[in-house]
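# Fold and geometry: a report
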Amino acid sequence: MTFELSTIVLIIFVALVFDYINGFHDAANSIATVVSTRVLTPGQAVAWAAFFNFVAAFGFGTAVAKTVGSGMVELSVVTYAVILAGLIGAIVWNLITWYFGLPTSSSHALFGGYAGAAVAKAGFSAIIVSGWTKTLIFIVVAPILGLIVGLLLMSGIFWSFHDVPPSRVDRWFRRLQLLSAAAYSLMHGANDAQKTMGIITGALVTGGYLATFDVPLWVILAAHAAIGLGTLSGGWRIIKTMGQKITKLQPAGGFAAETGAAVAIYTATAMGVGISTTHTITGAIVGVGATRRLSAVRWGVATQIVWAWILTIPASAVMAAATWWIAHRLL
């Protein structure tokens, strides 16, 4: 095996490790609401979410992968060292935020890491501004869209079922929440796994193993398998934050939050925009909590999460840039 081929294999391995950690870190997004409402046990919930993370490999295209792999950083400056450093920066930030139980965005950590390594190599000219425009807009739009849809759905549920006994409402929505959890997990897999696909495909193009930026089937299946296995492992520290610390959820609220987030993520995925599934579901949970009263949302916890969101891209970029200074001397 040549040095170049060994490097490609290493990059693919590290990319799939990131994808696994993405699933592990973001398992809370998929299962926190369904676990906190006690519709499923934690073990059942991660298996349910992991299955739909993988099933998302079929039918959602690769538009997000192309945006991430070739639309955010100039491919002319991308080297193996840049890709590897970007992945390591994202992985380190994900592990730090997991340790502190903060539901930050694995997607933004990857974007920040990739960009930070590229800027360290070639300066800010390495950044494709048009590719970042939609991503930066959706940093704000995604949680707001999740919040609005979650709030509207929960308000509609209150209005529609106000005369129905609470025990009956609870029984109905315990069943419906299985569908909403499946829908959210499907959209989570459809959007997040594509980001790793984009990085791997970009590496293959850089190495001359692909003539054009077309994602191979094996890359699609590998990325979805890795994120599904990560979800199956579960990031329990973050699950507690998402399901209990932001606001208290009942099955109807869990259904509204998951459905609202799924709608928002589907919209972005169809547009080829890589968004934060974490931001989206957090916004939806806040929207659901706000329908009871504003004080039902623990705003102190929400503020800590927002600060972690703000820091994610620059922090992972700095870590990746530092890693590049070491990696480019070796690769």
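Residues numbered from 1 in each chain as written. Predicted model: local features only at pLDDT ≥ 70, side-chain atom pairs only at ≥ 80, totals over all residues. Heavy atoms only, no water.

### Let's talk about the overall build of the chain
To keep it simple, the criterion reads: Strands here mean DSSP runs of E at least two residues long; helices mean DSSP runs of H or I at least four residues long; both are numbered from the N terminus. To measure how exposed things are, a 1.4 Å probe is used in the Shrake-Rupley method; for residues, cover is taken only from the protein chains shown.
Along its length, the chain carries twelve helices and zero strands. Mapped from its N terminus to its C terminus, the chain presents α and β elements in the order α-α-α-α-α-α-α-α-α-α-α-α. For the chain, the exposed surface amounts to about 13,300 Å²; the carbon and sulfur share of it is 72%.

### Some remarks on helix α7 (residues 166–206)
As a reminder of what qualifies: The span you would expect from a helix comes to 1.5 Å times its residue count less one. Consider a residue and the seven residues that end there alongside the seven that start there; fitting an axis to each set, the bend is the angle between those axes.
Between the first and last C-alpha of α7 there are 58 Å, a value that for 41 residues agrees with the 60 Å anticipated at 1.5 Å per step. Its axis deflected by about 30 degrees at Arg175, α7 carries its strongest bend there. Count one or two residues on from α7 and you reach Gly208, which has phi positive near 80 degrees.

### Details of the packing of helix α6 (residues 129–160) against helix α11 (residues 277–290)
Defined as follows: Lines fitted to the C-alpha atoms define the axes, with helices restricted to the stretch that makes contact. Angles between their N-to-C directions range from 0 to 180 degrees. The handedness criterion is simple: a crossing whose near helix is rotated anticlockwise from the far helix by less than a right angle is left-handed, and one whose near helix is rotated clockwise is right-handed. Whether two residues touch is decided by their heavy atoms; if any such pair falls within 4.5 Å, the residues are in contact. We call Asp, Glu, Lys and Arg charged. Ala, Val, Leu, Ile, Met, Phe, Trp, Tyr, Cys and Pro are nonpolar, and the rest, Gly among them, are polar.
Where α6 meets α11, the closest approach of the two axes is 7 Å, and the angle between their N-to-C directions is 35 degrees. Considering only the axes of α6 and α11, their crossing is right-handed. Residues Ile139, Ala142, Pro143, Gly146, Leu147, Gly150, Leu151 and Met154 of α6 lie in contact with α11, whose contacting residues are His279, Thr280, Gly283, Ala284, Val286, Gly287 and Val288. Looking at the contact of α6 with α11, its residues break down into nine nonpolar, six polar and no charged.

### Observations concerning helix α10 (residues 251–270)
As a reminder of what qualifies: Three labels apply to residues, based on accessible area from a 1.4 Å probe with only protein chains included: buried if under 20% of the type maximum, exposed if over 50%, partly exposed otherwise in between.
In this model α10 runs 28 Å from its N-terminal to its C-terminal C-alpha over 20 residues, within 8% of the 28 Å that 1.5 Å per residue would give. Taking burial as the measure, the 20 residues of α10 include 16 buried ones, the bulk of the element. Looking one or two residues past α10, Gly272 carries a phi angle of roughly 75 degrees, positive in sign.

### Some details on the packing of helix α5 (residues 106–122) against α7
Formally: Note that the term roughly parallel is reserved for angles under 35 degrees, roughly antiparallel for angles over 145, roughly perpendicular for angles of 65 to 115, and oblique for everything else.
Close contact between α5 and α7 brings their axes to 10 Å; oriented N to C, the two are set at 20 degrees. Of the possible angle classes, the one that applies to α5 and α7 is roughly parallel. The two elements α5 and α7 meet at a crossing, and its hand is left-handed. The residues of α7 that touch α5, namely those facing Ser107, Leu110, Phe111 and Tyr114, are Asp192, Lys195 and Ile199. Its residues assigned to classes, the contact of α5 with α7 comprises four nonpolar, one polar and two charged.

### What about the confidence of the model for the chain?
In low-pLDDT segments, the atomic positions of the prediction should not be examined closely. Formally: A score from 0 to 100, pLDDT tells how confident the predictor is in each residue.
Here the chain averages 82 in pLDDT, while 89% of its residues score no lower than 70. Helix α9 (residues 236–245) is the least confidently modelled element of the chain, averaging 52 in pLDDT, while helix α8 (residues 217–233) averages 90, the highest of any element.

### Things to note about the packing of aromatic side chains
The geometry of two aromatic rings is summed up by the distance between their centres and the angle between their planes. Heads up, the rule is: Classification of ring pairs rests on two measures: the distance between centres of Phe, Tyr or Trp rings, Trp counted by its six-membered ring, which must be within 6.5 Å, and the angle between planes, read as stacked under 30 degrees, edge-to-face over 60 and tilted in between.
The final tally for this structure, using the stated rule, is eight aromatic pairs. Ring-pair connections join several aromatic residues into one group, and the members of that group are Phe161, Trp172, Phe173 and Phe255.

### Remarks on the nonpolar core
Put simply, the rule reads: Only buried Ala, Val, Leu, Ile, Met, Phe, Trp, Tyr and Cys residues count toward a nonpolar core, and they belong to the same one when joined by side-chain atoms within 4.5 Å.
Among the nonpolar cores identified, the biggest contains 54 residues, and Ile83, Leu87 and Met197 are the most heavily contacted of them. When residues of this core are traced back to their parent elements, those giving at least two are α1 (3–36), α3 (63–70), α4 (80–99), α5, α7, α8 and α12 (299–327). Here the element with the most residues in this core is α4; it accounts for ten residues. Discounting residues that sit within four places of it in the chain, Met197 has contacts with Thr62, Ala65, Val215, Val219, Ile220, Ala223 and His224. Judged by nonpolar contacts, the second largest core, of 23 residues, contains Ala252, Ala262, Ala284 and Val288.

### Structural notes on the pattern of salt bridges
The line we're drawing: Note on definitions: salt bridges are taken to be side-chain nitrogens of Lys or Arg within 4 Å of carboxyl oxygens of Asp or Glu.
Within this structure, the stated rule accounts for one salt bridge. Between Lys195 and Asp192 there is a salt bridge whose closest N-O contact spans 2.6 Å. With a gap of three residues between them, Lys195 and Asp192 both fall in helix α7, about one helical turn apart. For Lys195, a relative accessible area of 1% corresponds to the buried category.

### Concerning the environment of Leu16
Among the secondary structure elements, Leu16 is positioned in helix α1. Judged by relative accessible area, Leu16 falls into the partly exposed class, the value being 23%. Leu16 sits 207 residues away from Ala223 along the chain, and the two C-alpha atoms are 6.4 Å apart. In this view, Leu16 contacts Thr196, Ile200, Ala222, Ala223 and Ala226; residues no more than four positions away in its chain are not counted.

### So, a nonpolar patch on the surface
Quick reminder of the rule: Every patch collects residues that have over 30% relative accessible area and no salt bridge, joining them within 9 Å if they carry like charges and within 5 Å if they are nonpolar side chains (Val, Leu, Ile, Met, Phe, Trp, Tyr).
Nonpolar side chains collect at one region of the surface, where Ile137, Val140, Val141, Ile144, Leu147, Ile148 and Leu152 lie side by side and expose about 570 Å² of accessible area between them. Among the structural elements, Ile148 can be located in helix α6. When its relative accessible area of 41% is taken as the criterion, Ile148 is described as partly exposed.

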